[in-house]
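Now for the letters of each chain:
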Amino acid sequence: MAIELVTAGESHGREVVAVLSGVPAGLRLDRDGIDRELARRQHGHGRGGRQKIEHDRVEVRAGLRGGVTLGSPLVLAIPNRDWENWAQVMDAWQVDPAAAARRRLTAPRPGHADLAGAWKYGHDDLRDVLERASARETAARVAGGAVCRQLLALCGCEIRSGVLALGEVTLTEGPPTFADLGRVRDDSPLRTVAPEREDELVAAVDRAKHAGETLGGVVGVVARGVPPGLGSYARWEDRLDGQLAQAVMAIQAVKAVAIGAGIEATARPGSRAHDPIFPGPDGVRRGSNFAGGIEGGVSNGEEVVVRAFMKPIATLRDPLPSVDLASGEATTAAYERSDVTAVPACGVIAEAALAFVLARALLAKFGGDRIDDTLAAIREYRRRLGKLGPERFVAP
Ligand code: EPS
């Protein structure tokens, strides 16, 4: 049974929820570990007023007994503290339909889901789109990803991320390594790979805020200890790079994803775009990792390297031209409040995306209704690969 992650909840509703099914039984969950991931996601210079209200904490509502997974679906809820301030708006149609009609949002923001969402679902109040399109939903993805991360940690796999570029400032060109991301400090203002240059970036965020602007950027995410053989070339939809790209691209405002040196390699000759294979005393060794740990849609035991490219947030204090969908007249887009940038958070969310996809691929290969069975299958596989397996692959 494949592991699945469904999220639910509106940004200003009671809570956001993750339902994670297919996790093996017998996994001792570290609830504080989930909360730590949630706190990492909330951190970052440039977040808006909402983050002063929310202090995300997970409530595990199902799937756990005595702190250990049962093999049944996990229900992870994160209450929205801001809900109290919005309860009337959220339920206005019940309380006072006439007032609700007057409060309708009808000026879609360019770059947001507002317009296409209103057309698609037939909503005449854009709140009915934005409440679910909001990146608040990523709190649930991070909670689900945190469980996957704990499962992966048992299997010897770790994930890191960091900001590589913000607005016009590029801190590092090309794909990062796991070691590069070891420089990122979660308690620093922007979680960058170059802490010594963060002041420069903090100033850029402040300038953007002053100007009513928003900033995009690039994050790098790297997983180390991924067993070889996850994903498959045999069916296009099983290709690991395709699955990772889908999960990372599905993060709000991400518009491009690269695996390894996927972008840079386009301008190189083939002899400098691939990673030579050498024999070694402890297994097969690679001369480089341009492939980002994936060849033919299959993990090869090297670090899995992903970059996500995030556009600037679409909610602008000085809004762009729009059309009032109630009157058909020209207007400017709606504005309530906004973050200046959420690029540091994007890294944490992308870690969760990798954790989910890698855990799903790992369970697809090794199975296991109980976590001990999964670990035993990985050890057996390591034994089978022997001295001609990847030297980096160390079984748990
Ligand atoms: C978001 C808009 C802002 C962000 C929100 C994502 O929320 P609000 O409209 O309440 O000010 O703060 O992100 C979160 C709440 C979060 O926890 O990440 C949007 O439109 O996507």
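Residues numbered from 1 in each chain as written. Predicted model: local features only at pLDDT ≥ 70, side-chain atom pairs only at ≥ 80, totals over all residues. Heavy atoms only, no water.

A. Highlighting the site of the ligand. With respect to spatial proximity, the complete set of residues near the ligand consists of His12, Arg41, Arg47, Arg50, Gln51, His112, Ser134, Ala135, Arg136, Arg337 and Asp339. Between the ligand and the protein, one listed contact pairs an oxygen atom with a side-chain N or O atom of arginine 41 at 2.6 Å. A distance of 2.8 Å separates an oxygen atom of the ligand from a polar atom in the side chain of arginine 136. When the ligand is considered free in solution it has 470 Å² of accessible area, and contact with the protein chains removes 88% of it. Among the detected pockets, the ligand sits in the largest pocket. (Near = heavy atom within 4 Å. Polar contact = N/O pair within 3.5 Å; in protein donor to acceptor, adjacent residues only side chain to side chain. Areas by Shrake-Rupley, 256 points an atom, 1.4 Å probe, with all protein chains shown as cover. 1 Å grid on protein atoms, 1.4 Å probe; cavity = no way out; pocket = protein on both sides within 12 Å on 5 of 7 lines; lining within 4 Å. Sits in = over half its atoms within 2 Å of the grid points.)

B. Molecular detail of helix α10 (residues 198-210). Compared with the 18 Å implied by 1.5 Å per residue over 13 residues, the 18 Å span of α10 between its first and last C-alpha is a close match. Buried within α10 are the following residues: Glu198, Leu201, Val202, Ala204, Val205 and Ala208. Projected onto a plane normal to the axis of α10, the buried residues spread over an arc of 155° and lie on a single side. For α10, the exposed residues lying more than 90 degrees away from the buried face are Asp199, Arg207 and His210. If you follow the buried residues of α10, they end up packed against β7 (158-166) and β8 (169-170). Positive backbone phi, approximately 75°, marks glycine 212, located one or two places after α10. (Helix = DSSP H or I, 4+ residues; strand = E, 2+ residues; numbered from the N terminus. Expected span 1.5 Å × (residues − 1). Buried < 20%, exposed > 50% of the residue type's maximum accessible area, 1.4 Å probe, protein only. Arc of directions from axis to C-beta. Contact = heavy atoms within 4.5 Å.)

C. How the structure looks around the packing of aromatic side chains. The tally for this structure, following the rule as stated, stands at two aromatic pairs. Aromatic side chains phenylalanine 366 and tyrosine 381 sit 5.4 Å apart centroid to centroid with 65° between the ring planes, which places their arrangement in the edge-to-face category. Taken as a pair, phenylalanine 366 in helix α12 (residues 343-366) and tyrosine 381 in helix α13 (residues 371-385) lie far apart in primary sequence, 15 residues in all. Accessibility expressed as a relative area gives 9% for phenylalanine 366, which makes it buried. (Phe/Tyr/Trp six-rings, centres within 6.5 Å; stacked < 30°, edge-to-face > 60°.)

D. Here's a closer look at the sheet that holds strand β15 (residues 304-310). Taken together, five strands build an open sheet; the order of strands is β8-β7-β9-β15-β10 and the sheet is antiparallel. Strand pairing shows two members of the sheet lacking a second neighbour, β8 and β10 (254-259), which therefore form its edges. Sheet analysis places strand β9 (residues 217-224) next to β15, joined by seven bridges and oriented antiparallel. When the bridges of β15 are listed, glycine 220 appears paired with arginine 307. (Pairing = 2+ DSSP bridges.)

E. Fine view of the pattern of salt bridges. Counted according to the given criterion, the structure contains 33 salt bridges. We note a salt bridge from arginine 41 to aspartate 56, for which the minimum N-O separation is 3.4 Å. With arginine 41 in helix α1 (residues 31-42) and aspartate 56 in the loop between α2 (50-53) and β3 (59-62), this pair connects stretches of sequence that are 15 residues apart. Grouping residues by exposure puts arginine 41 and aspartate 56 together as buried. Across the salt bridge formed by arginine 392 and glutamate 302, the nearest N and O atoms sit 3.0 Å from each other. Within this pair, whereas arginine 392 is found in the segment after α13, its partner glutamate 302 is found in the loop between β14 (298-299) and β15, the two being separated by 90 residues in sequence. Overall, the relative accessible area of 43% leaves arginine 392 in the partly exposed class. Each of the salt bridges in this network shares a partner with another, and the network as a whole consists of Arg41, Arg50, Glu54, Asp56, Asp82, Arg136 and Arg337. (Salt bridge = Lys/Arg side-chain N within 4 Å of Asp/Glu carboxyl O.)

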